[in-house]
Structures are given as C-alpha cells and as structure tokens.
Amino acid sequence: MAVKAGIHFSDLPHLDQVHDATASLSVYATRLPTGVDVSNVRKGLPKFTVVGHRGHGMNILQSTDKRMKTFKENSILSFNKAADHPLDFIEFDVQVTKDDTPIIFHDNFIISEENGNVVEKRVTDLTLDEFFSYGPQRATDEVGKSLLRKSNGKIVRWDVEIDDHSCTLAEAFEKVNPCLGFNIELKFDDYVVYEQEYLIHVLQVILKVVYENAQERPVLFSSFQPDVALLMKKLQHQYPVSI
C-alpha cells in the first residue's frame, strides 16, 4: 500500500525508539492508577509493554486450541476479558465505514452467505448500519446475517464459544475497562493504493473520536503501513506512533 507522496521508512520510530517526552507513561508497563506521579521513578520502570492481541486473543478458527475460539476477537467482551489478565494495553484494528464511523474489525472484507452464495464486501464500502447487520445483533430477538471467515485458504463459519456483536471505536472508549490502554492499529489494505487526501481524511475521523473520548486512557497508534504511520505522526503530537 502506498500513496503518491514520498515517505521514508527511516523517519518512523519503532516502539523501542519512541522518545520519552512523547511516549510518557503510556509506552511502559505500569497498570498504575490514573493520576499517580511516576516522573521520579521512570528509570525503574520496565521498558516494555504487555499487549492483548485483538483483546483476549485473535480467533484461529481451525485451531485445535480452544483458547483461540473462546471469545469473539475485537469485541467489547474480548477486551474486558483481557482486563482480567496483567496487561497494559489491548491492540485492535480500526477501519472507517463509508459514512465516516471508526469501527473495530480486522479483515479487509466481510464475508457472508446470501441465498446459498458466498459474498464478500469491503468493510470500508459499508455504512455503519450495514456493518452492524452481520453477526450477533444487539437486540436479542434479532438475527444478523451470517458471518464467515477465510482460514488457511478455506471459508469457514466464524464460530466461537462466546460470541459478541461488533463495535465502534467510540464504544470501546466508553465500555472497556479503563485500566487498559489502547494500541489502535490503523488498518488499511496492503493491495490498495490510496490517495493521500483520503488517508488524511480517515485519520482525522479517527483522531476526532480519540480526542473526544480518550480522557486519561493511554493511547498509541500503530500501522504496518509506513506512509500511514508518518501521516498520523504529522497530524498530531499527543500520542506515540509506531510501525
């Protein structure tokens, strides 16, 4: 994935290269109450962070390890179950819907079965209501469209032991245990060339939700796309950005 403007990989920090003045407390393993002054003991803090991948863990649907299929990944349920463990952050993937709502979902395409046919739709081409129409619904008397997933080249049903509906980034800030920091993965398709104007718009939409909801919660951004990481670094200076 690339944009037309030139961006250099060397301009971007890795997590172990973020400057202390920028990273502040959020880059270190702390689990300390909000408001605790640790400025005088920072040298004694371990310089690593314990992060829950997609919350309690990613779903590997064909795994024989039941732990890989206990809770629906990237859900409020999974995030709050992660808080039962000694974690500092949870990591999750954020994309922006067609109607400009940051939602939490890993895959670039949502897969369903309609009239006996497997149908793939790009997540960012869906409105929020369309996105929410897949999988478990918020109202217990409603049934959503089937939710499938590609696993090892095969399309399988996204079956987990304890399911949960999808959520927005704003909901995560509201409903997830405040003891957890957020590692917001800026999710873009590796096989799409994006215009820089579009990337800036998407990042600004995400930033608006973060600014309005983060409060004292530690936040850091990451991306596998160097151009996206650099743009986010240029758009704001409050939160660390890493690749």
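Residues numbered from 1 in each chain as written. Predicted model: local features only at pLDDT ≥ 70, side-chain atom pairs only at ≥ 80, totals over all residues. Heavy atoms only, no water.

## Some remarks on the overall build of the protein
Here's step 1: If you tally the helices and strands in the protein, you get six helices and eleven strands.
Here's step 2: Expressed as a percentage of the 243 residues in the protein, the buried residues total 47%.
Here's step 3: Sequence-distant contacts in the protein: of pairs separated by 6 or more residues, those separated by 24 or more amount to 68%.
Here's step 4: When the accessible surface of the protein is summed, it comes to about 12,900 Å², and 51% of that surface belongs to carbon and sulfur atoms. (Helix = DSSP H or I, 4+ residues; strand = E, 2+ residues; numbered from the N terminus. Buried < 20%, exposed > 50% of the residue type's maximum accessible area, 1.4 Å probe, protein only. Contact = heavy atoms within 4.5 Å. Areas by Shrake-Rupley, 256 points an atom, 1.4 Å probe, with all protein chains shown as cover.)

## A short note on the pairing of strand S9 (residues 181-186)
Here's step 1: Counting buried positions along S9 yields six of six residues, so the element is predominantly enclosed.
Here's step 2: Neither face of S9 is left uncovered, since the one carrying Gly181, Asn183 and Glu185 and the one carrying Phe182, Ile184 and Leu186 both have all their residues buried.
Here's step 3: Both strand S2 (residues 89-96) and S9 contribute to a ladder of six bridges, which runs parallel. Each residue of the ladder has a partner; that of Val94, found in S9, is Leu186.
Here's step 4: Pairing of S9 with strand S10 (residues 219-222) involves four bridges; the strand directions are parallel. Opposite Phe182, over in S10, you have Val219 as the bridge partner.
Here's step 5: Traced from S9 through helix H5 (residues 196-213) to S10, the parallel crossover comes out right-handed. (Pairing = 2+ DSSP bridges. Right-handed = clockwise from strand over helix to strand, strands pointing away.)

## Here's the deal with the packing of aromatic side chains
Here's step 1: Counted by the stated rule, this structure contains nine aromatic pairs.
Here's step 2: Geometrically, the ring pair formed by Phe131 and Phe132 is tilted, given 5.8 Å between the ring centres and 40° between the ring planes.
Here's step 3: For Phe132, a relative accessible area of 19% translates into the label buried.
Here's step 4: On the numbers, 6.1 Å between centres and 85° between planes, the contact of Phe221 with Tyr239 is edge-to-face. A residue pair is termed long-range when its members are at least 10 positions apart, and Phe221 in strand S10 and Tyr239 in the loop between helix H6 (226-235) and strand S11 (241-242) qualify at 18 residues. The pair formed by Phe221 and Tyr239 is uniform in burial state, with each residue classed as buried. (Phe/Tyr/Trp six-rings, centres within 6.5 Å; stacked < 30°, edge-to-face > 60°.)

## Side note on unusual backbone geometry
Here's step 1: Positive phi, close to 55°, is recorded for Asn115, a residue that is not glycine.
Here's step 2: Among the structural elements, Asn115 can be located in the loop between strand S4 (109-114) and strand S5 (117-122).

## A few points about the nonpolar core
Note on soluble globular proteins: their nonpolar side chains tend to be buried together.
Here's step 1: In terms of nonpolar packing, the biggest core is built from 38 residues, with Ile184, Val210 and Phe221 touching the most fellow members.
Here's step 2: At the level of secondary structure, the elements contributing two or more residues to this core comprise helix H2 (76-82), S2, helix H4 (169-175), S9, H5, S10 and H6.
Here's step 3: Counting residues per element, this core draws most heavily on H5, at eight residues.
Here's step 4: Excluding residues that lie within four positions of it along the chain, Ile184 makes contacts with Phe92, Val94, Leu169, Phe173, Val210, Val219, Leu220, Phe221 and Ser222. (Core = buried A, V, L, I, M, F, W, Y, C linked by side-chain atoms within 4.5 Å.)

## Side note on the side chain of Thr97
Here's step 1: As for its placement among the helices and strands, Thr97 is situated in the loop between S2 and strand S3 (102-104).
Here's step 2: Apart from the residues lying within four places of it in its own chain, the contact partners of Thr97 are Ile103, Thr124, Leu126, Thr127 and Leu128.

## Description of the confidence of the model for the protein
Here's step 1: For the protein, per-residue confidence averages 80 on the pLDDT scale, and residues scoring 70 or more make up 72% of the total.
Here's step 2: The secondary structure element of the protein with the lowest average pLDDT is helix H1 (residues 20-23), at 39, and the one with the highest is H5, at 98. (pLDDT = per-residue confidence, 0-100.)

## Re the environment of Thr97
Here's step 1: Accessibility expressed as a relative area gives 3% for Thr97, which makes it buried.
Here's step 2: Separated by 34 residues in the primary sequence, Thr97 and Phe131 have C-alpha atoms spaced 8.0 Å apart.
Here's step 3: Within the structure, the side chain of Thr97 is placed 2.6 Å from the side chain of Asp99, a separation counted as a polar contact. (Polar contact = N/O pair within 3.5 Å; in protein donor to acceptor, adjacent residues only side chain to side chain.)

## A closer look at H5
Here's step 1: A rise of 1.5 Å per residue sets the reference length of H5, with its 18 residues, at 26 Å; its end C-alpha atoms lie 26 Å apart and thus fit the reference within 8%.
Here's step 2: Where H5 is buried, its residues meet S2, S3, H4, S9, S10 and H6.
Here's step 3: One or two residues past the end of H5 sits Gln215, with phi positive at roughly 50°. (Expected span 1.5 Å × (residues − 1).)

## With respect to the side chain of Asp189
Here's step 1: Relative to the assigned elements, Asp189 resides in the loop between S9 and H5.
Here's step 2: For Asp189, a relative accessible area of 5% translates into the label buried.

## Focus on the pattern of salt bridges
Here's step 1: What the rule picks out here adds up to seven salt bridges.
Here's step 2: Residues Glu114 and Lys121 are paired through a salt bridge, measuring 4.0 Å at the closest nitrogen-oxygen approach.
Here's step 3: When the shortest N-O distance is used, the salt bridge between Arg138 and Glu171 registers 2.6 Å. Of the two residues, Arg138 sits in the loop between helix H3 (128-132) and strand S6 (148-151) while Glu171 sits in helix H4, which places them 33 residues apart along the sequence.
Here's step 4: A relative accessible area of 38% places Arg138 in the partly exposed class.
Here's step 5: When salt bridges with common partners are traced through the structure, they connect Arg138, Glu171 and Lys175 into a single cluster. (Salt bridge = Lys/Arg side-chain N within 4 Å of Asp/Glu carboxyl O.)

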